Amino acid sequence: MKKNIKGIMTGIILLLVFVLLIVVYVLQKRVVPVPDSTVGNTAGNANNGGMFCEYNDVVYFSNPYDGGALYSMSPDESNIKKLISASVSNINAGGKYLFYYQNGNSASAGLGYLRSSHGLCRATLNGRNITNLSKELVFNVQLIGNYLYYLTSTGEGPWFYKMRTDKQEKELLANTGWNFACALPDGSVYYNGTETNHYLYLYNTASDTTSVAWEGNLWYPVYDNGYIYYLDVAENYRLCRYSLSGDVIEVLTHDRVDCFNLAGGYIYYQKNSTDDPALKRMALDGSNVEIVASGNYTHINATSRYVYFTAFEVETPVYRTPVSGPISVTTFDAAQEAALKYAK
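Cut-offs and rules
One numbering rule holds for all chains: residues counted from 1, following each sequence as written. Owing to the predicted nature of the model, reporting of local features is limited to residues with pLDDT of at least 70; listing and counting of side-chain atom pairs is limited to 80 or more, with chain, interface and lining totals taken over all residues. To obtain the side-chain values, all non-hydrogen atoms of the structure were used and water was disregarded. The numbering of helices and of strands both runs from the N terminus, where a helix is a DSSP run of H or I of at least 4 residues and a strand a run of E of at least 2. We call two residues contacting when some pair of their heavy atoms lies within 4.5 Å. What sets the accessible areas is the Shrake-Rupley method with a 1.4 Å probe; for residues, cover comes only from the shown protein chains. Note on pairing: two strands pair once DSSP finds at least 2 bridges between them. Only the contacting stretch of a helix is used when fitting its axis, a line to C-alpha atoms as for every element, and angles between N-to-C directions run 0 to 180 degrees. When accessible area is computed with a 1.4 Å probe and restricted to protein chains, residues below 20% of their type maximum are described as buried, those above 50% as exposed, and intermediate ones as partly exposed. To pair, rings of Phe, Tyr and Trp, with the six-membered ring standing in for Trp, must have centres within 6.5 Å; the planes then decide the type, stacked if under 30 degrees apart, edge-to-face if over 60, and tilted in the middle. By definition here, charges over rings are those cases where NZ of Lys or CZ of Arg is within 6 Å of the ring centre and within 35 degrees of the ring normal. What makes a salt bridge here is a side-chain nitrogen of Lys or Arg within 4 Å of a carboxyl oxygen of Asp or Glu, nothing more.

## Section: the overall build of the protein
And step 1. Of regular secondary structure, the protein possesses three helices and 29 strands.
And step 2. Considering only residue pairs separated by 6 or more positions, the protein has 37% of its internal contacts joining residues 24 or more positions apart.
And step 3. A total accessible area of about 16700 Å² is found for the protein, and carbon and sulfur atoms account for 52% of it.

## Focus on the sheet that holds strand β9 (residues 131-134)
And step 1. The strand order β1-β2-β3-β4-β5-β8-β9 describes an open sheet built from seven strands, whose pairing is antiparallel. Two strands in the sheet have a free side with no partner beyond their single neighbour: β1 (52-55) and β9. Averaged over all pairs of adjacent strands, the angle between their axes in this sheet comes to 45°, without regard to strand direction.
And step 2. Summarising the sheet, β1 and strand β2 (residues 58-63) pair through four bridges and their orientation is antiparallel. Counterpart to Phe-52 in the pairing with β2 is Phe-61.

## Overview of the pairing of strand β5 (residues 97-102)
And step 1. With respect to burial, β5 is a largely interior element, six of its six residues being buried.
And step 2. Neither face of β5 is open: one carries Tyr-97, Phe-99 and Tyr-101, the other Leu-98, Tyr-100 and Gln-102, and all of them are buried.
And step 3. The pairing of strand β4 (residues 81-94) with β5 spans five bridges and is classified as antiparallel. From the neighbouring strand, Val-88 faces β5, where its bridge partner is Gln-102.
And step 4. Between β4 and β5, which follow one another and run antiparallel, lie two residues, and Gly-95 among them has a positive phi close to 65°.
And step 5. Where β5 lies against strand β8 (residues 119-124), six bridges are found, and the strand directions are antiparallel. Across the sheet, the residue bridging to Leu-98 is Ala-123, located in β8.

## Considering the packing of aromatic side chains
And step 1. Taken as a whole, this structure holds 29 aromatic pairs when the rule is applied.
And step 2. With 4.9 Å between their ring centres and 45° between their planes, Trp-178 and Tyr-191 make a pair best called tilted. One end of the pair, Trp-178, is in the loop between β13 (170-174) and β14 (182-183); the other, Tyr-191, is in strand β15 (residues 188-192), with 13 residues separating them in the sequence.
And step 3. Here Tyr-191 falls in the buried class, since its relative accessible area comes to 2%.
And step 4. Here Tyr-297 and Tyr-319 contribute two aromatic rings whose centre-to-centre distance is 6.0 Å and whose plane-to-plane angle is 90°, an arrangement assigned as edge-to-face. Residue Tyr-297 is found in strand β26 (residues 297-302), and its partner Tyr-319 is found in strand β28 (residues 318-322); the two are separated by 22 residues along the sequence.
And step 5. By relative accessible area, which is 15% here, Tyr-297 ends up buried.
And step 6. Within the aromatic cluster, the residues linked to one another by ring pairs are Tyr-149, Phe-160, Trp-178, Phe-180, Tyr-191, Tyr-199, Tyr-201 and Tyr-203.
And step 7. Against the face of Tyr-227 rests Arg-241, its NZ or CZ located 3.9 Å from the ring centre.
And step 8. When the ring centre of Tyr-266 is taken as origin, the NZ or CZ atom of Arg-281, which lies over that ring, is 3.9 Å away.

## Looking at unusual backbone geometry
And step 1. Following Thr-316, the chain continues into Pro-317 via a peptide bond in cis, with omega recorded as 5°.
And step 2. Along the polypeptide, Pro-317 turns up in the loop between β27 (306-311) and β28.
And step 3. Residue His-299 is not a glycine yet carries a positive backbone phi of 50°.
And step 4. Exposure remark for His-299: the relative accessible area of 35% places this residue in the partly exposed category.
And step 5. Within the chain, Glu-313 stands out as a residue other than glycine whose phi angle is a positive 60°.
And step 6. Tracing the chain through its elements places Glu-313 in the loop between β27 and β28.
And step 7. Here Glu-313 falls in the exposed class, since its relative accessible area comes to 72%.

## Observations concerning the pattern of salt bridges
And step 1. This structure, assessed with the given rule, holds 11 salt bridges.
And step 2. Close ionic contact of Asp-66 with Lys-82 constitutes a salt bridge, the shortest N to O distance being 2.9 Å. With Asp-66 in the loop between β2 and β3 (69-73) and Lys-82 in strand β4, this pair connects stretches of sequence that are 16 residues apart.
And step 3. Close ionic contact of Asp-166 with Arg-164 constitutes a salt bridge, the shortest N to O distance being 2.7 Å.
And step 4. When salt bridges that share partners are traced, they join Arg-164, Asp-166 and Glu-169 into one network.

Next up, the structure:
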């Protein structure tokens, strides 16, 4: 009898352990919804390739010293860690997850593995549990609440999709080149038209409806404190801002601008010129123009501490300057040192 009881108890314990393992496995695989107020990256970063993304006091970045691999660090560039080996861009973060476009052929991080030439991916914040959400070629992506909005293209033209972060829903929103970089925590999005006009549109993600916000002629809208900062298409892509409440346009510079970002109370922008190209910065009202670096630069990304950029069509070195205060351009040596450490 005692042997039978002992055997039954052993069987019950084994069953409970088995059930517990199943529960743990299911919980690990469950995709936790992203909070509704989430915006995956700033508009300025998203429009510059999404190479850096700051979330909950952690900076996630694509490290060109290591083939574009995904790294994390503190805003002061300490505590650098390699998370994923594949080349990444369009980095977004929200809730418990990272979302990014994978450019490389393979990725690995801890026990998570992914093999794909390219695709839109999801991983936990530590770079594990990698899931390929789409194997399409992605040009831009923004996380808004629990959905990813992204642009892809095939031989038949551009396609703009909305996909839930757990991949359970996917909807085609438009057969055009929309860019939802300029998203707000309330779920609204400012974007410019791409076909019949370049008006400023306001999209409501809760109702999936859109309306004209302003009949301007603009590109790359960025919202900040009641203003839309943008490139003026009709006037040689000069940088302007439009007051949503006052219906007033302010010309900030007559320079032709290739790309720009807002950070630390400044606008950082690349002046397009055959004679004297330069990365510049100015106050938000266009005053106090300063040269950050002479030459042609791109991928202007910002964190709470630094503005990062690279020379046009040159991946390294990566340069940076403090986001505010005196300009002091130096190279991003911490990223290079980390890449060398992980190469050993």
